[in-house]
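# Residue-level structure breakdown
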Amino acid sequence: MDNIERLYKCYEILSEAGDKISEHVDEYTEILKAVKGTSKEKRLASQFIGNFFKHFPDLADTAIDAQFDLCEDDDTQIRRQAIKDLPKLCQGNADATIRVGDTLAQLLILDDPTELQQVNNSLLAIIKLDTKSSVTGLFQQIATGDETTRERCLKFIATKLLTMGPTVITKEIEDFIVEEIKKALQDVTADEFHLCMTILGATKLGSTITGHAELVKLATEQAELNNTDTDIIAVDDEVVERFIQCATAAAPYFSKTIKSTAFVAHVCDKLLPIKTWNMIATAVSQDQIQLRLLKVFAEMITNTDKLDNASERINAVYHVLLEYMPLPKLSDEDLGDTPPSFQFSHAECLLYALHTLGKNHPNSLSFVEDAEKLKDFRARLQYLARGTQGYIKKLEEALKGKTGEELKTEENQLKQTALKTTSNINVLIRDLFHSPPIFKHDIVLSWIVPKNSKLGKRHAPITFGEKGAANGKEKDQEPEKKARASNDQKFYSPPSGKYSNKVNQNYGNNNRTRQRGGGGGSGGGGGGGYRNRRFNKY
């Protein structure tokens, strides 16, 4: 009898053994050994191992390892078959389910779309069988896996697990997910932090005021607002990026009840002083990093309580605003149709911040009390207004007569956003140009789409003219779409070299040698923060 016939014979014996099946250890052992045989033997072994797995508890570890061997076979068809058959090991066996969940979590890094789809299908299948044990296996890889594995597991939870409905995601399971994600937040990269906050926002925490407060607290802890070394904050791209990510994660949850005061005060005290501001991100796309910071600052400032040291903090906003409102260099006659050069997106954020803080602290605008400073400020406002109005006119002409379909093109969408930006600036200037300034008008920031969602869609920044151009000619610049971390992107990719050395050298490389599922647990470490090589703390 050849090996294939022998395998079928073993299967027949086991199938017909009834209550005495556990006596046929030799036949089951023979099936397990077939994972080292020919391709056909391996495929048969994969199908047979799970069918009789529950009857041989003493061989459970051997059987699981045999199936795992097939999951990393060189033959794609055998791998797919073995992955498909993994859920058979999980019926009524919590320990096996944890191990299978752990291994399937490692396999989420596979590049082949067909294999990856089978991994997803098998994961969903075992989750339906035993949700708690399956999710425990996933979190073991989030706790111990390499960067790619951790991120794929978090994406699976965010995009697949949490969409499985209340029959699967019961209160007990949701509570478990929340607690495990909180543990994971003890040691995360920027990408992972964003994913963790997305997951938490999709749970009960995202639907209640107390939950919102807890999400803001988590973001506040990650942001490390108590860092007192201003120079380190400014020169360290990772620290600035962490703050932007944490503030962005917290921003949707600020309200009349949950205040953004600590974040706003941090920006004013640590990031806006001119010396510090000019040090931010000098080695990369400085305008982009600064703009992302200003946009989240502007979003948060609406829900700020009364500020201590309001005059000093408003002054910090005022001095940075002056950087984006140059003094006129040409007379009205000389200017003609050639507009000045401005960074309108930056100006919108800072004008809005000054306007909002001034409205809340009308007696703390110290520059208004200085006649020379007020004269200088109004001259800059007037010059910005001229450039803004010139741009508004050009944009309105460009959009005039466009059909609904034409307005949907990327170019016209950008022009519409530019029109919102410059129109907002125009409204804010009208209030601030009064002597003293008034705070009559309310605006919706240009990148926010006013709808029921807490945070609207962000748009690309708008520039007008070339910063520092000597000839002053208009140059419609591409709105920095290729920036390192544009606000249009869903997940931030930090600069290379920012990750920690904490990897498990299993799956995540291409040599198909992986950690056997099980063990480890998903307990969190101490001292939460972003992982990177330079700070053991993060």
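As the structure is a computational prediction, the values presented were derived from the model and not from experiment. (Residues numbered from 1 in each chain as written. Predicted model: local features only at pLDDT ≥ 70, side-chain atom pairs only at ≥ 80, totals over all residues. Heavy atoms only, no water.)

### What about the overall build of the chain?
Rule in force here: Helical segments are the DSSP runs of H or I of at least four residues, strand segments are the runs of E of at least two, and each set is numbered from the N terminus. Per-residue accessibility, obtained with a 1.4 Å probe over protein chains only, is compared with the maximum for each type, and a residue is labelled buried under 20%, exposed over 50%, and partly exposed between these values. We call two residues in contact whenever any of their non-hydrogen atoms come within 4.5 Å of each other.
Looking only at helices and strands, the chain features 22 helices and one strand. Out of the 538 residues in the chain, the part that is buried amounts to 53%. Taking as baseline every contact in the chain between residues at least 6 positions apart, the subset at least 24 positions apart corresponds to 73%.

### Some thoughts on the environment of Leu7
With respect to the helices and strands, the residue Leu7 is situated in helix H1 (residues 3-16). By relative accessible area, which is 3% here, Leu7 ends up buried. For the pair formed by Leu7 and Tyr28, sequence separation is 21 residues and the distance between their alpha carbons is 9.5 Å.

### Details of the confidence of the model for the chain
Stated precisely, the cut-off is as follows: Looking at any residue, its pLDDT shows the predictor's confidence there, from 0 to 100.
When pLDDT is averaged across the chain, the result is 82; 79% of the residues are at 70 or more. Under a pLDDT of 50 for its full length, residues 530-538 has, in the predicted model, 45 contacts with residues more than four places off or in other chains.

### Structural notes on unusual backbone geometry
Here the residue pair Ser435 and Pro436 is connected by a cis peptide bond, since its omega of 0° sits within 30 degrees of zero. Mapped onto the fold, Pro436 is located in the loop between helix H22 (410-432) and strand S1 (506-509). Not every positive phi belongs to a glycine, and Glu224 is a case in point at roughly 50°. Mapped onto the secondary structure, Glu224 falls in the loop between helix H12 (209-223) and helix H13 (230-235). Note on Glu224: relative accessible area 12%, which makes it buried. Even without glycine at this site, Asn309 takes up a positive phi of about 50°. Overall, the relative accessible area of 51% leaves Asn309 in the exposed class.

### Re the pattern of salt bridges
Threshold: Salt bridge, as used here: a side-chain nitrogen of Lys or Arg that lies within 4 Å of a carboxyl oxygen of Asp or Glu.
In this structure the tally under the stated criterion is 21 salt bridges. Between Asp61 and Arg99 there is a salt bridge, and its shortest N-O distance comes to 3.2 Å. With a gap of 38 residues between them, Asp61 in helix H4 (residues 60-71) and Arg99 in helix H6 (residues 94-106) connect regions that are remote in the sequence. Salt-bridge contacts for Lys182 lead to Glu179; the nearest nitrogen and oxygen are separated by 3.7 Å. Taken together, the residues Lys182 and Glu179, both in helix H10 (residues 171-184) and three residues apart, mark about one turn of the helix. Judged by relative accessible area, which is 42%, Glu179 ranks as partly exposed. Look at the salt bridges and you will find they share partners, linking Asp61, Asp65 and Arg99 into a network.

### Comments concerning the packing of H10 against helix H11 (residues 190-201)
This is how it is decided: Axis lines are fitted to C-alpha atoms, over the contacting stretch for helices. Their N-to-C directions set the angle, which ranges from 0 to 180 degrees. Oblique is the label for every angle not falling under 35 degrees (roughly parallel), over 145 degrees (roughly antiparallel), or within 65 to 115 degrees (roughly perpendicular). Crossing handedness is defined as follows: a turn of the near helix away from the far one that is anticlockwise and smaller than a right angle gives a left-handed crossing, while the clockwise case is right-handed. Polar here means any residue outside two lists: the nonpolar Ala, Val, Leu, Ile, Met, Phe, Trp, Tyr, Cys and Pro, and the charged Asp, Glu, Lys and Arg; Gly therefore counts as polar.
Packing of H10 against H11 brings their axes to within 10 Å, and their N-to-C directions diverge by 160°. Comparing the axis directions of H10 and H11 gives the class roughly antiparallel. Here H10 runs over H11; the crossing is left-handed. Between H10 and H11, the residues in contact are Ile177, Val178, Ile181 and Ala184 and Cys196, Ile199 and Leu200, respectively. Counted by class, the contact of H10 with H11 contains seven nonpolar, no polar and no charged residues.

### Some details on the environment of Glu323
Looking at where Glu323 falls in the secondary structure, it is placed in helix H18 (residues 310-323). Separated by 49 residues in the primary sequence, Glu323 and Ile274 have C-alpha atoms spaced 9.1 Å apart.

### Overview of helix H21 (residues 371-399)
Each α-helix winds once per 3.6 residues, and so residues spaced three or four apart point in a common direction. For clarity, the cut-off: Helix span, expected: 1.5 Å multiplied by one less than the number of residues in the helix. Under this definition, polar contacts are N or O atom pairs within 3.5 Å; protein pairs additionally need one hydrogen-donor-capable and one acceptor-capable atom, and for neighbouring residues in sequence, both atoms have to be side-chain atoms.
Taking 1.5 Å of rise per residue, the 29 residues of H21 would be expected to cover 42 Å, and the 41 Å separating its terminal C-alpha atoms lies within 8% of that figure. Its side-chain oxygen at 3.0 Å from the backbone nitrogen of Glu372, Asp370 defines the N-terminal cap of H21. Directly beyond the C-terminal end of H21, a positive phi value near 80° is found at Gly401.

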